[in-house]
Amino acid sequence: MHFNFHNKVALVCGSTQGIGYAIAKTLAECGAALILVARDENKLKNAIQEFAHSSLHTYFTADFTNQSDIDTLCEKIKALKIDILINNTGGPAAGPASNAKPEEFIAAFNMHLVTNHKLVQAILPHMKENKVGRIINIISTSVKQPLPNLGVSNTIRAAVANWSKTLANEVAAFGITVNNVLPGATSTERLENIISNKASKLGESEEVISNEMINEIPMRRFGKPEEVANAAVFLASDF
């Protein structure tokens with residue numbers, strides 16, 4: 001990627017592993033100053049040291065299952081001039097929708113849609129004043145076609161997608177874009193957990209489950225976090 005993000009500040013959620021880490025790394029390589037957000041402070045410190053231009057970056061810890069943490073984070077970032085927001089949060093636990101407790105839907109709704117919304121409200125005044133901004137939500141291909149055994153995730157990801165589309169119409173006049181990135185099966189820790197849990201439940205090996213999933217993918221391989229990152233960074237650019 002050869003985009004120039006010098007003088008741009010990007011807030012990247014879930015930035016210590018998987019897709020979030022790959023997006024943060026690519027933005028840093030393009031010159032952006034990063035504000036990393038994740039639960040584990042040690043992982044945040046280590047990530048900063050691994051990124052280009054490490055002296056430009058900072059971090060905040062927050063557990064996205066805890067709305068009090070989110071409220072505290074939002075108060076901190078209100079005073080910061082954030083140009084790019086990457087909403088990225090690990091998905092809900094696997095399982096059929098028919099077995100899910102109502103509380104699971106509520107928890108996932110808060111963790112994803114409500115949290116995304118609070119973060120947007122915290123950074124939107126600067127973007128409106130500056131007449132430019134980029135909001136990018138990492139969700140899932142389940143928005144287009146629900147995935148088996150991901151009942152809660154399918155439901156909540158679709159809600160986030162429609163919230164995003166509504167928001168995009170509302171802020172476009174201010175030069176702000178809102179886009180969704182819909183990764184398919186990508187080689188991340190979450191995918192490893194899904195494969196492991198399914199293998200355990202079915203009494204199969206992880207290799208068998210992994211191969212079954214790969215055979216459903218036209219390219220016959222899992223996606224790479226870096227590929228998703230490239231798409232997100234393009235959408236974060238001035239095109």
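Residues numbered from 1 in each chain as written. Predicted model: local features only at pLDDT ≥ 70, side-chain atom pairs only at ≥ 80, totals over all residues. Heavy atoms only, no water.

Draft legend 1. Broad picture of the pattern of salt bridges. Scanning the entire structure with this criterion turns up five salt bridges. For Arg-221, the salt bridge goes to Glu-227, with nearest N and O atoms at 2.6 Å. The exposure class of Arg-221 is partly exposed, given its relative accessible area of 29%. (Salt bridge = Lys/Arg side-chain N within 4 Å of Asp/Glu carboxyl O. Buried < 20%, exposed > 50% of the residue type's maximum accessible area, 1.4 Å probe, protein only.)

Draft legend 2. Layout of the side chain of Thr-188. Relative to the helices and strands, Thr-188 is located in the loop between β6 (176-181) and α6 (189-202). In this structure, Thr-188 is in contact with Gly-18, Ile-19 and Pro-225, ignoring residues within four places of it in sequence. (Helix = DSSP H or I, 4+ residues; strand = E, 2+ residues; numbered from the N terminus. Contact = heavy atoms within 4.5 Å.)

Draft legend 3. Summary view of empty space enclosed by the protein. Enumeration according to the criterion identifies one cavity of 30 Å³ or more in this entry. The volume enclosed by the largest cavity comes to roughly 50 Å³. Residue lining of the largest cavity: Asn-87, Asn-88, Thr-89, His-112, Asn-116, Ile-138, Ile-139, Arg-157 and Val-160, and that is the complete set. Elements with a contribution of two residues or more to the lining of the largest cavity: α4 (102-130) and α5 (151-171). Across the lining of the largest cavity, the residue classes tally to three nonpolar, five polar and one charged. (1 Å grid on protein atoms, 1.4 Å probe; cavity = no way out; pocket = protein on both sides within 12 Å on 5 of 7 lines; lining within 4 Å. Points joined across faces, edges and corners; volume = space filled by probe spheres on them. Nonpolar A, V, L, I, M, F, W, Y, C, P; charged D, E, K, R; others polar.)

Draft legend 4. Representation of the packing of aromatic side chains within the structure. Under the counting rule described, the total for this entry stands at three aromatic pairs. For the pair Phe-3 and Phe-5, a centre-to-centre distance of 6.4 Å together with 70° between the ring planes defines the contact as edge-to-face. Here Phe-3 falls in the partly exposed class, since its relative accessible area comes to 26%. Exposure remark for Phe-5: the relative accessible area of 2% places this residue in the buried category. Considering the side-chain rings of Phe-3 and Phe-234, the 6.0 Å spacing of their centres and the 50° angle between planes classify their relative orientation as tilted. In this pair, Phe-3 sits in the segment before β1 (9-13) while Phe-234 sits in helix α8 (residues 225-236), placing the two residues 231 residues apart along the sequence. Among the aromatic side chains, those forming a connected cluster through ring pairs are Phe-3, Phe-5 and Phe-234. (Phe/Tyr/Trp six-rings, centres within 6.5 Å; stacked < 30°, edge-to-face > 60°.)

Any link to function would need more than the numbers given here.
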